[in-house]
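Chain by chain, the residues run as shown.
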Amino acid sequence: MDWEFINLETDFEAGTQAPTSYEKSFHIIISDDEILTIDGVHPWRPLDQDEWRWLPLESIADHYLGQVGGIPIFTHEVDSNADNPDGHEFDNLWSLLNQVEQPVFYLVGRAKQIVEWHRNHHFCGKCGEVTDSSDQDRSRKCRACGEVFYPRLSPSIIVLVTRGEELLLAKNAHSRGNFYSTLAGFVEPGESIEETVHREVFEEVGIRVKNLKYFASQSWPFPNSLMLGFHAEYDSGELVLQEEEIADANWFHYTDLPTHPTGVSISGWLIQSFLEKMERAH
Ligand SMILES: [Zn+2]
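Given the structure is predicted, the values throughout are model-derived calculations rather than measurements.

**Student:** Give a detailed account of unusual backbone geometry, specifying residues and quantitative values.
**Tutor:** Apart from glycine, the bulk of residues carry a negative phi angle, and the bulk of peptide bonds sit in the trans form. Cis geometry is adopted by the peptide bond preceding Pro-43, which originates at His-42 and carries an omega value of -5°. Considering the arrangement of structural elements, one finds Pro-43 in the loop between strand E3 (34-38) and strand E4 (47-48). The residue after Phe-222, namely Pro-223, is reached through a cis peptide bond having omega 5°. Its identity as a non-glycine residue notwithstanding, Asp-32 has a phi of 50°, on the positive side.

Quick look at the structure:
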């Protein structure tokens, strides 16, 4: 089956144990967190087995990701200083974000995070000895003390706070440009994600919220977040901004929004779903 006929949403089956024999395969090549692309091929696709075999790049580590439409797919880490091979270019994940369908982006994000996890866990973080990959699951185990390391995920919440027909949007202190988005923050040890929503909103903009509604989640591999999206309603308080994090925050009527995220990110989905609700109501 050719890549363009594959529907990743239904045809991808994750796995950790590669089949012993196969005739076709797909390959995602990663160098220093950048993904190998083929010049002139849009949207992005992985290499097939022949394209990978003849490429003048040597794999440092191979990882089996699973099967797509019955065809095994691998990711390969190559030298972080590797030059672009003829007709190819290493590109960062951001550049794929707007180019490929969401499931393809998730698959490439998965590959990048697995390569990064493997690269960062050759040695045990507890005792410093060498670790080995498990053949049972996606983990590495220390030869000396037995500590086990799984790919790290950092759950974070992202929340659209609304008040009647208004949306609370904020400008991040660390980003350039006049871009407003929803509030977000990492879950801390010991917290439920609902507690994170209340704490982050209060810390960043000084208000209390109520009626939290879980919306959806999104894998966000920059570098290893899992975004858990919520809608919440304003409850009480005045806007008091946390200056280190928030350059500006304000209530915007749904018909008069500043530049804000669109389709590819969960903040865009949260905003879109509220706008649709408002439009249905009018
Ligand atoms: Zn150890």
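**Student:** Hey, could you go over the sheet that holds strand E10 (residues 148-149) for me, with residue numbers and the actual values?
**Tutor:** Pairing between sheet strands relies on hydrogen bonds along the backbone, with the strands arranged either parallel or antiparallel. Strand order in the open sheet formed by three strands is E8-E9-E10, and the pairing between neighbours is antiparallel. Since the sheet does not close on itself, it has two edges, and those belong to strand E8 (131-133) and E10, each with one partner.

**Student:** Please give an account of helix H6 (residues 266-281) that cites residues and values.
**Tutor:** Compared with the 22 Å implied by 1.5 Å per residue over 16 residues, the 23 Å span of H6 between its first and last C-alpha is a close match. Its buried side turned inward, H6 meets strand E11 (154-163), strand E12 (166-172), strand E14 (208-220) and strand E15 (225-236).

**Student:** Can you lay out the domain arrangement of the chain for me, pointing to particular residues and giving the numbers?
**Tutor:** Structurally, the chain comprises domain 1 (3-120) and domain 2 (154-281). In this structure, domain 1 and domain 2 have C-alpha centres spaced 32 Å apart. Among the elements that take part in the side of domain 1 that touches domain 2, helix H4 (residues 102-120) stands out by supplying five residues, more than any other. Its residues assigned to classes, the side of domain 1 that touches domain 2 shows three nonpolar, three polar and two charged.

**Student:** Let's hear about the nonpolar core: which residues, and what values?
**Tutor:** Ile-157, Val-159, Val-161, Leu-183 and Val-201 are the most contacted members of the largest nonpolar core, which totals 24 residues. Those elements that provide at least two residues to this core are E11, E12, strand E13 (183-186), helix H5 (193-205), E15 and H6. When residues in this core are grouped by element, the largest group, five residues, is from E11. Not counting residues up to four positions away in its chain, the partners in contact with Val-201 are Val-159, Val-161, Leu-183, Ile-207 and Val-209. Membership of the second largest hydrophobic core comes to 21 residues, among which are Phe-12, Ile-29, Val-104 and Leu-107.

So, how was this worked out
- Residues numbered from 1 in each chain as written.
- Predicted model: local features only at pLDDT ≥ 70, side-chain atom pairs only at ≥ 80, totals over all residues.
- Helix = DSSP H or I, 4+ residues; strand = E, 2+ residues; numbered from the N terminus.
- Pairing = 2+ DSSP bridges.
- Expected span 1.5 Å × (residues − 1).
- Contact = placed C-beta atoms within 7 Å.
- Domains from an automatic or database assignment.
- Nonpolar A, V, L, I, M, F, W, Y, C, P; charged D, E, K, R; others polar.
- Core = buried A, V, L, I, M, F, W, Y, C linked by C-beta atoms within 7 Å.
- Buried ≥ 20, exposed ≤ 12 C-beta atoms within 10 Å, placed from the backbone.

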